[in-house]
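Take a look at the letters that make up each chain.
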Amino acid sequence: MTRNWWCAMALAAFSFSAMAAGARPTIEELKARPVLDDYESNIVYGYNIVMETQRYAPRYVGSRLNCTNCHLKGGTQPEGFPLNVEGVYPRWRAKNGVRNGLGLRIRDCFLYSLNGVMPPEESPEVQAVAAYIHYLSEGEVIGRPPDRWGVPTLPETGSDPNPARGSVVYKQKCAACHGADGQGTAAAPPVWGPGSYNAGAGMNNVQRVAGFIWANMPLGSERSLTHQEALDVAAFLHIQLRPFDPRTTNLWKLVERIAQAVSSFFGAGKP
Amino acid sequence: MRATAAILGMLREVIPDLRWRRAVDGRREIVSGLAGALLVIPQAITFAYLAGVPPEFGLYCAVFVGLLASLLGNSPMVGGPNTSVSILIAATVMPFSGRGSPLYLEFVFVLSLAVGVVQLAIWLLRGAHLFRYFSPAAITGIKTGVGILLISSALEGTLGLAPLSTQFFYEKFDVALTAWDSTVNPYAVVTSAVTIGCGLALRRRWCRSYIMLAVLAGGVMGCGLYFAYGPVTTQLELLGHVTLRAWPFQVPRVTPQHWLFLEQVIPSIFAIAVLGLAQSLVIARDLKARIAPDIDLHKEVFAQGVANMASPFFSTFAGSGSFNRTAVAVEMGARTPLSGIVAAFAVVLLAWVLGPLLTYLPMPAVAGVLALVGMGMIRRREIRPLFQSFGDAAVFSVTTFSVAFLDLSTGILVAVVASVVFFMVRASDVKLTISVEGEQERIAVTGNLYYASVDGLAKHLRTDPTRDSVLDLSRVPYCDPFAVSVMEAIRAERERAGGRLEWAAG
């Protein structure tokens, strides 16, 4: 009894001193700590899921993507879909026509962007990612969107996005990492085809992808493309084949899913 | 000399006894092993869900805990994930960490390790003897109570009430009845109804494989709904990708935090260890009586202890012997540990083949399995004979009530106490046969005379101190010093009053 009490006091003192210091511990600091409480261990788990979704949350993932492929640098990159967004939820979204809490928002990402199955609200994966988002959102104002969130909206260029021009740009600037067939390489994720996000994903939107590409791609020489080039590449990606939108309902999709399962069993699709 | 003999005996229990190889009927063992593997897969997934861990863990438990228990043991008993143990694990760890979170899994690992250690300690102290005193009424009571618990915990999944975590099952009924239009998911209800309906309809015909068929029917139904109406409309929860690792070896982390946790759950560790062993030993006792007379109960305790202690190293949780799977294996001709060993390997193969299809297994179908397993644990055939005697009926009812309404570990304690109390009550029952020969009274005593039972006799002897009585103690197997002193006191009283008391010991 007394021993428990002393341990509890020591823990409390430790956490109070950490709070007094005012600095948010980095993930590395958290990982180095010998003792993590439930919330802290969930932050680390959530960070691991965001960085290596394939390894830490394989249960609900159907594509070959990781969260950090879009939420760049583990969701810490402004204008690269940063994840410090807890303050803006719950909010109504046209996508599913209901008021979305943070949990439902995360689950949607698994269903659409990761082309997987929707995890339940109370699944450990969703809880962990929510804890990580909570951790990243420290210092943000509740109800106000964080600075430079999402991706920039590109101004009108006066010319429609053109997939044909986009395909040329893709071959020059993108194919080296994403592959000529868009199936990704060790350096970059697939951008279309069975291993990529599905047609219901937020990324399957020309304006948004154009903003993302312009602000963040090609990696290492960001903002080198013109607005028009980014729009063209986005249009090129938009016309590629990718897994169906799970909101459209058709029994034929069942056959597609089974085929996908069989092919993944023989090692063709998802590893 | 005796010490060396004891140590040699224990050594014999430690070393795997492979003598069964000589008398093995390979084909029947292999067939029953394969059937066991088919049976355990839906159960492993369901019990992992009960324990609050990923489904892979349940499969690892079926493989590694089952394999070790069979290899080290000497019986056709099938080990692996177990309902009551899973429920207890979840109930123990839940207050300390969020269900399924990394910390939760670490706590499950150290808990399983501790359970194994306690079971090995029980083996060292020759604890198998103790479990003889667990009365069949208490075991049936625990099984029935767990059945009720399972059916009630299936309610969330079958109705799609997932985000609700209510404490008592009548609360769940209340929520489902009063707010059904906003909480109950009709797609989940249809899926689980198909599963349960199918199971109940097929249980008579195919008593071995009905769970597998029910899961199949429920899975097809759920998948049909899922893909016909879409995930957004149906909100059906799917199992997700089951990614089995070929060699899931790991070393569980033990830090001061884990010690702190273990220190606070010591009662639960003992409850899990005792409950796991109690079930295994009841099965083993039954097999020893009916089928395999050379089963060594101590050896089974050792095998369970080692299997559970090793479980965290194979990324899984503690288990025990399984009533339903052992019954099926024995019915299909399993007589040696070979069927359990075959089953372990067959699970790996089956899970690997079925893996991609399991992804789309709807959780309401899994909840349906939970309900079916629960219904299978409540057996009218076992309960009815208990109501022929008051003691058995009382032990059974008290145990069932406390398991279902209090909690499982309290229920186990109640079961043990109730068995012992009613045994004592029965043992303290002393019958007096009185015959009068002239002035002398002869009292024939049947039963144990000790501190708890001597009252009735003393009361009779004290009614008239002037009498002349002879006690016939030839049918008293045990008479403790307290009873003797009471009788001596009465003799002194009688001598003062002019009476007489004599006794003839048997």
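How each quantity is defined
Residues numbered from 1 in each chain as written. Chains lettered and ligands numbered in written order. Predicted model: local features only at pLDDT ≥ 70, side-chain atom pairs only at ≥ 80, totals over all residues. Heavy atoms only, no water. Salt bridge = Lys/Arg side-chain N within 4 Å of Asp/Glu carboxyl O. Buried < 20%, exposed > 50% of the residue type's maximum accessible area, 1.4 Å probe, protein only. Domains from an automatic or database assignment. Helix = DSSP H or I, 4+ residues; strand = E, 2+ residues; numbered from the N terminus. Expected span 1.5 Å × (residues − 1). Bend = angle between axes of the 7 residues up to and from the residue. Contact = heavy atoms within 4.5 Å. Polar contact = N/O pair within 3.5 Å; in protein donor to acceptor, adjacent residues only side chain to side chain. Buried area = accessible area lost by both parts, 1.4 Å probe. Nonpolar A, V, L, I, M, F, W, Y, C, P; charged D, E, K, R; others polar. Pairing = 2+ DSSP bridges. Axes fitted to C-alpha atoms, helices over the stretch in contact; angles between N-to-C directions.

Focus on the pattern of salt bridges
Residue and element names in this part refer to chain A.
Then, number 1: Under the counting rule described, the total for this entry stands at 16 salt bridges over all chains.
Then, number 2: R247 is the salt-bridge partner of D245, the closest N and O atoms lying 3.0 Å from each other.
Then, number 3: D245 sits in the buried class, given a relative accessible area of 14%.
Then, number 4: Residue R247 is classed as partly exposed on the basis of its relative accessible area, which comes to 35%.
Then, number 5: One connected set of salt bridges, linked through shared partners, spans E79, R148 and R223.

Quick look at the domain arrangement of chain B
Then, number 1: Domain annotation for chain B reports domain 1 (2–13 + 30–422) and domain 2 (431–505).
Then, number 2: Centre-to-centre separation of domain 1 of chain B and domain 2 of chain B, based on C-alpha positions: 53 Å.

A short note on helix α8 (residues 163–178) of chain A
Every α-helix winds through 3.6 residues per turn, so residues three or four apart in the chain are directed the same way.
Residue and element names in this part refer to chain A.
Then, number 1: With 16 residues, α8 should cover 22 Å at 1.5 Å per step; its first-to-last C-alpha distance of 17 Å lies more than 12% under that length.
Then, number 2: Of all the bends in α8, the greatest measures close to 50° and is centred on K171.
Then, number 3: Within the sequence span of α8, burial applies to G166, S167, V169, Y170, C174, A175 and H178.
Then, number 4: Considering only its buried residues, α8 is in contact with α10 (227–238).
Then, number 5: The N-cap residue of α8 is N162: its side-chain oxygen and the backbone nitrogen of A164 are 2.8 Å apart.

Comments concerning the environment of B:G26
Then, number 1: Topologically, B:G26 is positioned in helix α2 (residues 26–51).
Then, number 2: Given a relative accessible area of 26%, B:G26 falls into the partly exposed group.

Overview of the interface of chain A and chain B
Then, number 1: Residue-level contacts link 35 residues of chain A with 37 residues of chain B.
Then, number 2: Between chain A and chain B, roughly 3,000 Å² of surface is buried when both sides are summed, and carbon and sulfur atoms account for 62% of that area.
Then, number 3: Listed by contribution, the elements that provide at least two residues to the side of chain A that touches chain B are α1 (2–21), α3 (38–51), α6 (102–111) and α11 (252–265) of chain A.
Then, number 4: Considering every element that reaches the side of chain A that touches chain B, the biggest residue donor is α11(A), with five residues.
Then, number 5: In the side of chain A that touches chain B, the residues fall into 19 nonpolar, six polar and 10 charged.

Structural notes on the side chain of B:S280
All names here are of chain B.
Then, number 1: Along the polypeptide, S280 turns up in helix α12 (residues 266–290).
Then, number 2: Within the local environment of S280, its side chain forms a polar contact with the backbone oxygen of G276, the two atoms lying 3.0 Å apart.
Then, number 3: The residues touching S280, leaving out its near neighbours within four places in the chain, are M77, Q304, S320 and G321.

Focus: the sheet that holds strand β4 (residues 440–446) of chain B
All names here are of chain B.
Then, number 1: One open sheet accounts for four strands, arranged β3-β4-β5-β6; its pairing is mixed. Lying at the two open borders of the sheet, with one neighbouring strand each, are β3 (431–437) and β6 (500–505). On average, adjacent strands in this sheet sit at an angle of 20° to one another, irrespective of strand direction.
Then, number 2: Sitting on the sheet, helix α20 (residues 454–462) is in contact with β3, β4, β5 (468–475) and β6, with an inclination near 175° to β4.
Then, number 3: The strands that helix α21 (residues 481–497) touches are β5 and β6; relative to β6, the one it contacts most, it runs at about 150°.

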